[in-house]
Each structure stands twice: as structure tokens, then as C-alpha cells.
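Chain by chain, the residues run as shown.
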Amino acid sequence: MTLRIGGRTIRRGTTEQIQLKVSEFYTSTPVNVAVTVIRGHEPGPALFLTAAIHGDELNGVEIVRRVMTSLRPEQVRGSLICAPVVNRFGFLNHSRYLPDRRDLNRFFPGDPNGNAAARTAHILFREVVTQSRYGIDLHSATVRRTNLPQIRADMSHKKVRRIAKAFGGEIIIDAPGSPHTLRAAATRAGVPTIIFEAGETYRFQKNIVARGIAGVRNVLAGLDMIEEEPREPRFQVIVKVSEWVRAPRGGILDILVRPGEIVHADEEIGVITNPFGREVSSVRSHLTGLVIGTTTVPMANPGDAVCHVAKLEKTLHTVEKYCVADSRGRKTLLL
Ligand SMILES: [Zn+2]
């Protein structure tokens, strides 16, 4: 099978570095996305690995770099197509967005005659996504939030389910994703794709990078693309419902929970005080489950997202088994 990206043919048994032109700066210089393809001697599926589609979400950049520099073509069956910095504009500007404030991850599969985001998306989709049989897209929480490492996947899709489980994370959020994300558009186009979502913007977080690398390698092993014993998670929970607990009032927020902690319905998870220091209101969770994300800033307007809770029912007991109690007696999942 011929593999061509950015006009270059990638032969079996080679690693190719390609500057894929996706747009142009207003200085008329090309906007290139660096794509590395490791094509094995032996046949097998192609898998794409993308990061920084939101230009400020950096953990994935390091995950892709470490995976791609650790593999030689003789160790790979099929092809690994790696784009560590998909949103080149946002990456340069320390921003989630494109220069027109559009979110690139809302414009897939793109349109060659559309707006700036749609045009960029179109080239990435044509050159990277549709050349692949599977995909993993790497994200962090949006700015001023943090996420517990989690997989997001449409578990009703058999092949998506296969790679989501193979990744080997403990928490899988079962959701199709909004329709014009890379993940949803790729899956619709016959390229089952999952998201690894973990940590914060603007940082390389060592434990998260390590988990991401292990997960990607688990998927490659599960697809028989590399020779490696996949690592089994201690447990795996598939979450169907997750909701944000929101600030009831405006003020200074003291958040009492962290990602990985168990919360119960009606439990206090934060306190909002006014600038005179008097307590004005309590933030309470409306559901029982696992905290999978929180805000990281202490200022809250009414309605601001404070804490993202994955609803646990039957699986609550399973998760609790792997928690340890901290000095305050709170049960925390150590990931
Ligand atoms: Zn993102």
C-alpha cells in the first residue's frame, strides 16, 4: 500500500520527517506542521498520534516526542504517523485558538473553501487522519483547569472501544464528543479515534507524560504494531455521566477537593467568601462520584465550573477499593 503525506511517499522500513504545509502566516511564510512517520518493514495498521490541537495543551507534545523517538522502523508493524504540534499558530501564541479565535477542534473534517480553521482542518484530515486506521488525540484540561488522566471515547463503536480499553487507563468517559472534533469526525470517517485528556495547560507534567506514553504503547501493543506485553490497569471504569458542579455565588473560592477524590451527593466541595472574608456560601456536589477535573483559580462568578464529577453508581465500590484516605479522611484515588 502506498503511504503519501505532504506529497512525499513513505517507503517501508523508513522514518520520514515531513513539513506539512497547512496554511500561511500573514508574512506569507508557510505554516508547516511537523509530521514524523515511522513505517515498519512489516505490514500492519497505520495509527495517527496528534497533540496540541489546542496550542496551549502541552503534555501531549512531550508524549508524542517520547513515543516517536523511542521507536525505529524495525520495531514497528504498520505505520505510526506523529504530529506533536497540530495547532502551530496557537502553539506559537501560547493559545488554545487559531489567530481568528476559532477552535481548530470544532472544524473537522474541514473544508478547502471554508474559514481559516476549516482549511487547516481539511489538510490535516486529508493528509494525516484518512491515511490512518486508528487515532489517538492528546489533550489537557483547558486553561485554568486541571484533569485527572482519562480516556474519552465513544464506547458504542466497537473499534473505538477496543483501543480505549487497550490504552489501559482506569477511567474511560463514554461520550461521542461534539460532532466537529477531530475525534468524532475521524471516527465517522472510519478511523476510530480516542482522546487522552490529562493535566493542565502550559506544562510538561512528568507523571502524566509517563502515563500517556504507557497508554499509547499499550494501544500499539494491543494492535500488534509493536512487540510488547501490554500493561493491565488495576481496574477500569466506564463512566456514562459526568457533570460540572458550578459556583452558586460570586466570590473567592476555596476548593476543598482535588482530581481523584470521591465526593458524595450534597457534600461540601468548596466555600465561597466575599472580599470582607465572611463566608457567603457553600458549594455542594449534586452527585456522587469521582472528581475528574477542577478549576485551578480561586475566583468564581455565579455559574463558573468548579468541579467535574464522574457519576459512579455500581462502580463506586470498585473505585473506593483503590483509594487511600488522606489526613482529612478524604478518599483519593492514586493514579
Ligand atoms: Zn484540548
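Residues numbered from 1 in each chain as written. Predicted model: local features only at pLDDT ≥ 70, side-chain atom pairs only at ≥ 80, totals over all residues.

Turning our eyes to something else, we now look at the packing of helix α4 (residues 158–167) against helix α6 (residues 206–222). Taken N-terminus to C-terminus, the directions of α4 and α6 make an angle of 130 degrees; their axes are 7 Å apart at the nearest point. By the angle between their axes, α4 is oblique relative to α6. By crossing handedness, the relation of α4 to α6 is classed as right-handed. Contacts between α4 and α6 pair Ile163, Ala166 and Phe167 from the former with Gly215, Asn218, Val219 and Gly222 from the latter. Class assignment for the residues of the contact of α4 with α6 results in four nonpolar, three polar and no charged. (Axes fitted to C-alpha atoms, helices over the stretch in contact; angles between N-to-C directions. Helix = DSSP H or I, 4+ residues; strand = E, 2+ residues; numbered from the N terminus. Parallel < 35°, antiparallel > 145°, perpendicular 65-115°, else oblique. Left-handed = near helix turned anticlockwise from the far one by under 90°. Contact = placed C-beta atoms within 7 Å. Nonpolar A, V, L, I, M, F, W, Y, C, P; charged D, E, K, R; others polar.)

Turning next to the domain arrangement of the chain. Segmentation of the chain into domains returns domain 1 (4–222) and domain 2 (241–333). The gap between the C-alpha centroids of domain 1 and domain 2 is 31 Å. With 10 residues of domain 1 at the interface, the matching set in domain 2 holds 10 residues. Broken down by secondary-structure element, the contributors of at least two residues to the side of domain 1 that touches domain 2 are β8 (145–153) and β9 (171–174). At five residues, the largest contribution of residues to the side of domain 1 that touches domain 2 is made by β8. Partitioning the side of domain 1 that touches domain 2 into residue classes produces four nonpolar, three polar and three charged. (Domains from an automatic or database assignment.)

Another point: the environment of Lys311. Checked against the element boundaries, Lys311 lands in strand β19 (residues 305–311). For Lys311, a count of 17 C-beta atoms within 10 Å translates into the label partly exposed. Considering only alpha carbons, one finds Lys311 and Ala265, 46 residues apart in sequence, at a separation of 9.9 Å. Filtering out sequence-adjacent residues up to four positions away, Lys311 remains in contact with Val239, Val241, Ser242, Glu243, Leu287 and Gly289. (Buried ≥ 20, exposed ≤ 12 C-beta atoms within 10 Å, placed from the backbone.)

This part covers the nonpolar core. If you look at the biggest cluster of nonpolar residues, it comprises 90 residues, and the most contacted ones within it are Val35, Leu47, Leu49, Ile151, Ala164, Ile194 and Leu290. Among the elements that make up this core, the one with the highest residue count is helix α3 (residues 116–129) (six residues). Split by domain, the residues of this core number at least three in each of domain 1 (4–222) and domain 2 (241–333). If near-sequence neighbours (up to four positions away) are discounted, Ile151 is found in contact with Ala164, Phe167, Gly169, Ile172, Ile173, Ile194, Ile195 and Phe196. (Core = buried A, V, L, I, M, F, W, Y, C linked by C-beta atoms within 7 Å.)

What follows covers the pairing of strand β16 (residues 279–284). As defined by bridge partners, strand β15 (residues 268–273) adjoins β16 across five bridges and the pair is classed as antiparallel. Residue pairing for β16: Val271 is matched across the bridge by Ser282. (Pairing = 2+ DSSP bridges.)

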